[in-house]
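Coordinate analysis (summary)
In case you want the letters, here they are:
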Amino acid sequence: MYLSRFLSLHALWVTVSSVIQHYTSAWGHYDVCKTQIYTDEGKFWDYTACQPEAIDMMKYVKVSLDPPDITCGNPPETFCGMGNPYMCNECDAAIDELAHPPELMFDAEGRYPSTYWQSTTWKGYPQPLLVNITLYWNKTIELTDNIVITFESGRPDLMILEKSLDYGRTWQPYQYYATDCLNAFNMEPKTVRDLSQQTVLEIICTEEYSMGYMANSKILHFEIKDRFAFFAGPRLHNMASLYGQLDTTKNLRDFFTVTDLRIRLLRPATGEIYVDPQHLTRYFYAISDIKVIGRCKCNLHATGCREENKKLLCECEHNTTGPDCGKCKKNYQGRPWSAGSYLPIPKGTANICMPSISSIGTNVCDNELQICQNGGTCHNNVRCQCPAAYTGVLCEKRSCEMDPDGCSQSSAQGAISLPRVILLLPLIAPLGLSGFLIF
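This structure is a prediction, so every number in the text was calculated from the model and none was measured. (Residues numbered from 1 in each chain as written. Predicted model: local features only at pLDDT ≥ 70, side-chain atom pairs only at ≥ 80, totals over all residues. Heavy atoms only, no water.)

**Observations concerning the overall build of the chain**
- A count of helices and strands for the chain gives eight helices and 24 strands.
- Each of the 439 residues in the chain was classed as buried or not, and the buried ones make up 46%.
- Long-range contacts, defined here as pairs at least 24 residues apart, represent 64% of the contacts in the chain between residues at least 6 apart.
- Surface accessibility of the chain: about 22600 Å² in total, with carbon and sulfur atoms responsible for 53%. (Helix = DSSP H or I, 4+ residues; strand = E, 2+ residues; numbered from the N terminus. Buried < 20%, exposed > 50% of the residue type's maximum accessible area, 1.4 Å probe, protein only. Contact = heavy atoms within 4.5 Å. Areas by Shrake-Rupley, 256 points an atom, 1.4 Å probe, with all protein chains shown as cover.)

In structure tokens form, the structure reads like this:
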């Protein structure tokens, strides 16, 4: 009896383990562009979609300010505290200890006293104190975490965060920030928590980050992860769903993609309803830190991104080339270039560039560079025999793409879903193993 129960328990646990392992891997990391596979017929390359890891993009940023002479210290000037207009310090660009240049917005943090960039004071009141801070990388990047701005002077009463997708030629708003959204921008105040899957791309005005000067109210966010959570769940456990949405919804993918960011400071923190014209040295902008986490956009054709001649370049694979791996190499233009695809999860589709007919003669496939993808088999170097779900010269396309309705996300993923694990729980519980299932 005990032996029979043990064997049943072992078989059930093996099944559950395989499901859990498959479910976790189904999220996909896309950190490998190709893997060599050995079979009885020889070695093959299995090509997969791939992307660089997310990094601190502020290590590679360049910054410009408009107007260019908006930084304090030239000439030296006095500035005072928001809470106490008689507690004052001096900004002097000629003295390192008293200077506040733009590079201090993204230097190493953790020092005391903290370092920060600072603008001139609002000595031109009632004319507005306007500052544009442009962050640019000369590279397309994909944001993967919240943009976080830490103000040393208190968060501004009015601000707009903008993005560009064409290296600063055109701009579009990312989010509006105000103490009174309706009065400032004629927009009802919202937070990202008011959005949904259907409205995730909505440009909102928030009052959440525009309070007066307080020690605990210096940080301002643009929430990337909260928007991811509409598709991946509150703890981002279901990345498969997010990747599927990014793959099939261009507007969503573009929303998290930028070449430049612009911080438009429109009114400094005042801490009160009215500006005190007798103490204008209290009003200015000061930023101690900006965080931007993202990855180089390489169109799912690279896992690395290097800096060369002060520019970020993808280390392209799949026979692609260009700063974003956006075109096929010479002699690999046998079919039009295409970005890689996250689908089917977990490995995606590489969409490698094919050798030109003139460069390969009569060979269509081989076991080195022109390998049949997605389980296809090369026959005499002249054709790929594809599985039923795939088509194309190298079995690189899903057959469902030819259907009028296209491919659904569920048909493309092919991943084992969590409900299959849950259905096994009633069987495991009597055996005392329910505690082993941890998600």
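**Comments concerning the side chain of H318**
- Relative to the elements of secondary structure, H318 occurs in the loop between β18 (311–314) and β19 (320–321).
- Taking the relative accessible area as the measure of exposure, H318 reaches 3% and is therefore buried.
- One polar contact links H318 to H301, side chain to side chain, over a distance of 2.8 Å. (Polar contact = N/O pair within 3.5 Å; in protein donor to acceptor, adjacent residues only side chain to side chain.)

**Some details on the side chain of Q118**
- Counting through the fold element by element, Q118 comes out in strand β7 (residues 117–118).
- The exposure class assigned to Q118 is buried, which follows from its relative accessible area of 1%.
- In this structure Q118 touches I70, T71, C72, F79, H100, F284, Y285 and A286, once residues within four positions along its chain are discounted.

**Notes on the environment of R306**
- Note on placement: R306 falls in strand β17 (residues 305–308).
- The residues contacting R306, other than those within four sequence positions of it, are K311, L312, L313, C314 and E315.
- Side chain to side chain, R306 and E308 meet in a polar contact 3.0 Å long.

**Re the packing of aromatic side chains**
- Summed over all chains, the structure comprises 13 aromatic pairs.
- Ring geometry for F222 against F255: centres 6.4 Å apart, planes inclined by 40°, an arrangement best described as tilted. Pair noted here: F222 is in strand β13 (residues 219–222) and F255 is in helix α5 (residues 250–255), with a separation of 33 residues, a long-range link.
- Take F222: its relative accessible area is 0%, and that puts it in the buried class.
- A network of ring pairs unites the aromatic residues Y174, F222, F228, F255 and F256 as a single cluster.
- Cation over ring: K34 sits above W45, and NZ or CZ is 4.3 Å from the ring centre.
- Between R262 and the ring centre of W171, over which it is positioned, the NZ or CZ distance is 4.3 Å. (Phe/Tyr/Trp six-rings, centres within 6.5 Å; stacked < 30°, edge-to-face > 60°. Lys NZ or Arg CZ within 6 Å of the ring centre and 35° of its normal.)

**Quick look at helix α4 (residues 239–248)**
- Within α4, eight of the 10 residues are buried, leaving the element largely enclosed by the surrounding structure.
- Listing the buried residues of α4 in full gives M239, A240, S241, L242, Y243, G244, L246 and D247.

**Some remarks on the nonpolar core**
- Ranked by size, the top nonpolar core spans 65 residues in total, and within it W117 and I133 carry the most contacts.
- Among the elements that make up this core, the one with the highest residue count is strand β8 (residues 131–143) (six residues).
- Counting residues in hydrophobic clusters, the runner-up holds 13 residues, among them Y47, M354, C365 and C372. (Core = buried A, V, L, I, M, F, W, Y, C linked by side-chain atoms within 4.5 Å.)

**Some thoughts on the state of the cysteines**
- Applying the stated criterion to the full structure yields nine disulfides.
- The partner cysteine of C72 in its disulfide is C91, sulfur to sulfur 2.0 Å. Since a negative S-S torsion denotes a left-handed disulfide, the C72-C91 link at about 75° is right-handed. Placement of C72 in the loop between β4 (62–66) and β5 (77–80) and of C91 in strand β6 (residues 88–91) is noted, with a sequence separation of 19 residues between them.
- Between the sulfur atoms of C316 and its disulfide mate C325 the distance is 2.1 Å. Taking the sign of the S-S torsion, -95° for the link of C316 and C325, the bridge is left-handed.
- Under the relative-accessibility criterion, C325 is labelled buried at 0%. (Disulfide = S-S within 2.5 Å.)

**Remarks on unusual backbone geometry**
- Cis geometry marks the peptide bond from N74 to P75, where omega comes out at 5°.
- Relative to the helices and strands, P75 resides in the loop between β4 and β5.
- The omega torsion across I345 and P346 is 20°, close enough to zero to call that bond cis.
- Relative to the helices and strands, P346 is located in the loop between β20 (327–328) and α6 (357–360).
- The phi dihedral of H318 falls on the positive side, at around 60°, and the residue is not glycine.
- Within the chain, N319 stands out as a residue other than glycine whose phi angle is a positive 65°.
- One can find N319 in the loop between β18 and β19.
- Among the residues examined, N319 registers a relative accessible area of 14% and is labelled buried.

**Let's talk about the environment of S241**
- Take S241: it is sitting in helix α4.
- We classify S241 as buried; its relative accessible area is 16%.
- For S241 and I345, which are 104 residues apart along the polypeptide, the C-alpha to C-alpha distance reads 9.5 Å.

**Quick notes on the sheet that holds β7**
- As summarised here, the arrangement of the four strands in space is β7-β15-β9-β13, forming an open sheet in which the pairing is antiparallel. With one partner strand each, in any of the chains shown, β7 and β13 form the two edges of the open sheet.
- Bridge analysis of strand β9 (residues 147–151) against strand β15 (residues 286–291) gives four bridges, and the strand direction is antiparallel. By the bridge assignment, V148 is partnered in β15 with K291. (Pairing = 2+ DSSP bridges.)

**Considerations on the environment of N319**
- Each C-alpha atom of the pair N319 and M354 lies 7.7 Å from the other, and the pair is 35 residues apart in sequence.
- One polar contact links the side chain of N319 to the main-chain carbonyl oxygen of C353, over a distance of 3.0 Å.

**Section: the pattern of salt bridges**
- For the structure on display, the rule yields 14 salt bridges.
- The partner of E77 in a salt bridge is K123, and the shortest N-O contact between them spans 3.9 Å. You can see E77 sitting in strand β5 and its partner K123 sitting in the loop between β7 and β8, a full 46 residues away along the chain.
- Taking the relative accessible area as the measure of exposure, K123 reaches 56% and is therefore exposed.
- Salt bridges here are not isolated pairs; linked through shared partners, they connect E162, R262 and R264. (Salt bridge = Lys/Arg side-chain N within 4 Å of Asp/Glu carboxyl O.)

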